[in-house]
Amino acid sequence: MTPAERATVAQRATWVSVAVNLVMTAVQLVIGWLAHSQSLIAHGLHSFSDLLSDFLVIYASRQSAHPADPDHPYGHARIETAATLALGVALALVGAGILWDSGIRLQHAEMMNQVELSALWAAIATMLAKEGLYHYLLAVGRRLRSQLVIANALHTRADSASALVVVIGIGGALLGWGFLDLLAAAVMGYMILRMGAQMTWGATKELIDTGLDEASVVAIRQCLLATPGVLGVHDLRTRRMAHQALVDVHAQVDSRISVSAGHRIAELARIRVLAERPDVLDVLVHIDPEPEPGTDLTVLAALPERAVVLAELQERMADLPPPQRIVLHYLDSAVEVEIYVDCARLAGEISLPQAEKTLAERLAGHPTIRSVHLNACVAAN
């Protein structure tokens, strides 16, 4: 599914949520006011906050579907995360406000008007509507792997559960325990506060680049190690980006293969992870040569640059056949050299073993060049 298609599906589901919340908000506020039910009014206010969150989801879905650009090279998926954070904070504030108001009213419960039966029917209708909407949004969110849509579904489930509390509170009030309506409003406020805190914490962890769970990291590691040519894996790092994840890893390969061969192994590893893990957006594979036992990386970094080594070799090969190609291997604390010379020039001037022996003698005692190997090749036309 393309980002545009994904955004379309998410927006369609959200518009369904908008319609349900709009109707239920009006029903709860009007009937709650007429039937003197504080818990139903509180739930109506919460349904109104749902409307605001639905519009937030629509905006975030549209924005996150935009392709990557120079300012956002990884795309715009984190907009979903920011929207989830804002939604969580809003829920926490609404829940805290309802909890506070209910606590104040409970201190004067004897002054409350008698709740009427119409409030009970409105609460039951709200509970059934919210529960149905929850199952619909959860199915869409899982299909899209959208944390924002799933968060909206969980929010709706909280509404359904809190509506059940309202039903119980109103039922108790109708039986003569008027304080239960206020107590139901307080419980609902706590549930909303808790859900908002959980959403806020989840979005915050993503924004500070919290890694994937241990099971996912182990699975990705095994996938990389199963790639032909990968001898080891280290510095495996993961971080979430909305409904997907980014992976960085160092893969060890044979220290004497070519750059192109190493690049091919890296691409194979990347493709393998993307194929087996649909939740991974991209994999950055850094190729490391397999180190020899006891390798000191600080010494390795201090070895001379290629240009310096080539200049020293050229000086010592002045009277030998000119090289067609020179390959340097930076291994352990020294450099190994492979030199390819024209076999036609060798036949007329000096044998390959003689040339290699002569060069080795000239490089004896060199502080960084450990060994040199000469190979015959056909000169390119």
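Everything numeric in this text was worked out from a predicted model, so none of it was measured.

A few points about the sheet that holds strand β4 (residues 323–331)
Turning to step 1, where the next piece is worked out: As summarised here, the arrangement of the three strands in space is β4-β5-β6, forming an open sheet in which the pairing is mixed. Each edge of the sheet is formed by a strand with only one pairing partner; in this case those strands are β4 and β6 (369–377). Taken pair by pair, the neighbouring strands of this sheet meet at an average axis angle of 15°, ignoring direction.
Turning to step 2, where the next piece is worked out: Sheet analysis places β4 next to strand β5 (residues 334–342), joined by eight bridges and oriented antiparallel. When the bridges of β5 are listed, leucine 331 appears paired with alanine 334.
Turning to step 3, where the next piece is worked out: Here helix α10 (residues 306–316) sits on the sheet in contact with β4, β5 and β6, set at roughly 130° to β4.

Some words on the sheet that holds strand β2 (residues 244–253)
Turning to step 1, where the next piece is worked out: Strand order in the open sheet made by the three strands is β1-β2-β3, with mixed pairing throughout. Of all strands in the sheet, those with a lone pairing partner are β1 (232–241) and β3 (280–289), marking the two edges. Across the sheet, the mean angle separating the axes of adjacent strands is 15° when strand polarity is ignored.
Turning to step 2, where the next piece is worked out: Contacts from helix α8 (residues 259–276) reach β2 and β3, with the element oriented near 150° to β3.

Quick word on the pairing of β2
Turning to step 1, where the next piece is worked out: The buried fraction of β2 amounts to eight of the 10 residues, a majority that puts the element mostly inside the structure.
Turning to step 2, where the next piece is worked out: Strand direction decides the pairing type here: β1 and β2, joined by eight bridges, are antiparallel. Counterpart to methionine 241 in the pairing with β2 is glutamine 244.
Turning to step 3, where the next piece is worked out: Sheet topology note: the β2/β3 ladder contains nine bridges and is parallel. Pairing of valine 247 across the sheet is with valine 283, part of β3.

A short note on the side chain of serine 37
Turning to step 1, where the next piece is worked out: Tracing the backbone through its elements, the reader meets serine 37 in the loop between α1 (3–34) and α2 (38–64).
Turning to step 2, where the next piece is worked out: A polar side-chain atom of serine 37 sits 3.2 Å from the main-chain amide nitrogen of leucine 40.
Turning to step 3, where the next piece is worked out: Those residues within four positions of serine 37 in sequence are excluded, and the remaining contacts are Gly32, Val115, Ala119, Ile170 and Asp181.

Notes on unusual backbone geometry
Turning to step 1, where the next piece is worked out: Its identity is not glycine, yet aspartate 235 carries a phi of approximately 50°, on the positive side.
Turning to step 2, where the next piece is worked out: By the secondary structure assignment, aspartate 235 is in strand β1.

Topic: the nonpolar core
Turning to step 1, where the next piece is worked out: By size, the foremost hydrophobic cluster in this structure holds 22 residues, and its most contacted members are Leu40 and Ile170.
Turning to step 2, where the next piece is worked out: Mapped onto this core, the elements with two or more residues apiece are α2, α3 (78–106), α4 (117–144), α5 (147–174) and α6 (179–207).
Turning to step 3, where the next piece is worked out: With six residues, the single largest contributor to this core is α5.
Turning to step 4, where the next piece is worked out: Leu212, Val233, Leu236 and Val280 belong to the second-largest nonpolar core, a separate cluster that totals 20 residues.

What counts and what doesn't
Residues numbered from 1 in each chain as written. Predicted model: local features only at pLDDT ≥ 70, side-chain atom pairs only at ≥ 80, totals over all residues. Heavy atoms only, no water. Pairing = 2+ DSSP bridges. Helix = DSSP H or I, 4+ residues; strand = E, 2+ residues; numbered from the N terminus. Axes fitted to C-alpha atoms, helices over the stretch in contact; angles between N-to-C directions. Contact = heavy atoms within 4.5 Å. Buried < 20%, exposed > 50% of the residue type's maximum accessible area, 1.4 Å probe, protein only. Polar contact = N/O pair within 3.5 Å; in protein donor to acceptor, adjacent residues only side chain to side chain. Core = buried A, V, L, I, M, F, W, Y, C linked by side-chain atoms within 4.5 Å.

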